[in-house]
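Single-letter residue listing:
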Amino acid sequence: MPLALLALAVGAFGIGTTEFVMMGLLPDVADDLHISIPIAGHLVSAYALGVVIGAPLLAAVTARMSRRKVLIGLMALFVAGNALSALAPDHDWLLAARFLSGLPHGAFFGVGAVVATTMVAPERKARSVSLMFLGLTVANVVGVPVATLMGQHLGWRATFLGVSAIGLAAMASLALLIPHDHTHAPATGVRGELAALRSLPVWLALGTTVAGFGALFAAYSYITPMLTDAAGYAGSSVTLLLALFGVGATAGNLLGGRLADHSLRGTLFGGLTSLVAVLALFPVLMNTQWTAAAAVILLGTAAFVTGSPLQLMVMEKASAAPSLASSANQAAFNLANAGGAWIGGLALATGFGATSPAVAGAGLAVLGLGVAAAAAVVDRRRVAPQGARKRVVATHVPQRSETLQS
């Protein structure tokens, strides 16, 4: 694997850290800015909104630019957003800065995934994407806990200055390691990129992402009450258990990349089926502390096995113009985050117990399997007529001997 993938992973590490660290800093930010915790929670939503809007918008606007320059520019925007977050004088300014920080998120992962696949042999494409995503999963294991501790001891502004420094390191890595010859400006332009989004297989792949990762976030958004109320853990143990989730996610990400290079659709179906099983077993696994810890690891592994296959599938369905579709898949991840949390909250509000969001998540994973199956059927129907046309053409091509005789 080329060293240039390390540059993409460094950028992904910074983005993953700033995305999730706000959850741990909410009390500190609320106290410092004299706002309530629910109002401070809007800072999380502002970032997610920036991702959803920025992913397709920035990918479209930069469609004819060199992908190397786009990646460096996106990381520069990321640095600016986090630096402004550190300097924000009040809640409104911080809200705007968080939105700005989220804008480059989806486009960076979308364009970065396209660049990663151009630097490796065809049989290693999924692994190259998984190595870029490795920065995101490692951020949950190392980046977020360290950044949270930094914020608690040095102030939350120091955290965002630290993340800005990671962004500067990523910019330097991208400039030094990403080769020019693999990142030329695409010839399709905005129209070609938009045309790719008119494809039914692309939308089915995006739908699989929303349903599959919506299943994850339906459970993960409420993992703390599951661990404390159902499994009996003390609140102080939750941080370590969430780090175990990151370990599982990292393992699943690497495993999914390797398996998907052998069977893309088989890995996707296997990952979603595993996710259904893990979530459906959550009410049982949360009965004891050691099985609950195992459940957290298995949840991260099963969910992130599908990450690289889903990203690569969207790119393959939009092979002529993959940048916009790849970035749109990142917006789909964030829609899954919001939608899954909402559905899990509805399940919890019904009074069926602390583990009910996981059961709701299992239902969403089944829906993801259904969408993935529909996508497979559509692919087979599209391939069959092409094969038939090729056979018809072959029967009408005169053989060499027949031509000579005539």
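Here, the structure is the one placed above.
Quick caveat: nothing in here was measured; it's all calculated off a predicted structure. (Residues numbered from 1 in each chain as written. Predicted model: local features only at pLDDT ≥ 70, side-chain atom pairs only at ≥ 80, totals over all residues. Heavy atoms only, no water.)

S.K.: Help me understand helix α3 (residues 42–61) in this model?
M.R.: An α-helical turn contains 3.6 residues, so any two residues separated by three or four positions project in the same direction. Between the first and last C-alpha of α3 there are 27 Å, a value that for 20 residues agrees with the 28 Å anticipated at 1.5 Å per step. If you check which residues of α3 are buried, you get L43, A46, Y47, G50, V51, G54, A55, L58, A59 and A60. (Helix = DSSP H or I, 4+ residues; strand = E, 2+ residues; numbered from the N terminus. Expected span 1.5 Å × (residues − 1). Buried < 20%, exposed > 50% of the residue type's maximum accessible area, 1.4 Å probe, protein only.)

S.K.: Is there a simple way to explain the packing of aromatic side chains in this structure?
M.R.: Both the distance between ring centres and the angle between the ring planes are used here to describe each pair of aromatic rings. Under the defined criterion, the tally for this structure stands at seven aromatic pairs. The interplanar angle of 85° and the centroid separation of 6.1 Å between the aromatic rings of F108 and F109 together place this pair among those described as edge-to-face. In this pair, the class of F108 matches that of F109, namely buried. Ring geometry for F213 and F333: centres 4.6 Å apart, planes at 90°, overall edge-to-face. Placement of the pair is F213 in helix α9 (residues 200–220) and F333 in helix α16 (residues 322–349), with a sequence separation of 120 residues. Residue classification places F213 among the buried positions, given a relative accessible area of 4%. Residue classification places F333 among the buried residues on the basis of a relative accessible area of 12%. Clustering of aromatic rings is evident, with ring pairs tying together F213, Y220, F245, F304 and F333. (Phe/Tyr/Trp six-rings, centres within 6.5 Å; stacked < 30°, edge-to-face > 60°.)

S.K.: When you look at empty space enclosed by the protein in this model, what are you seeing that I'm missing?
M.R.: A water-sized probe, rolled over the atoms, reveals where empty space remains. In total, this model carries two cavities of 30 Å³ or more according to the counting rule given. Considered as a void within the structure, the largest cavity measures approximately 340 Å³ in volume. Along the wall of the largest cavity there are 20 residues; nearest its centre are F20, L136, F213, F217 and F304. Those elements giving two or more residues to the lining of the largest cavity turn out to be α1 (4–33), α6 (125–154), α9, α11 (238–260) and α16. Of the residues in the lining of the largest cavity, the class split is 11 nonpolar, eight polar and one charged. (1 Å grid on protein atoms, 1.4 Å probe; cavity = no way out; pocket = protein on both sides within 12 Å on 5 of 7 lines; lining within 4 Å. Points joined across faces, edges and corners; volume = space filled by probe spheres on them. Nonpolar A, V, L, I, M, F, W, Y, C, P; charged D, E, K, R; others polar.)

Purely spatial values, then, with no claim about function.
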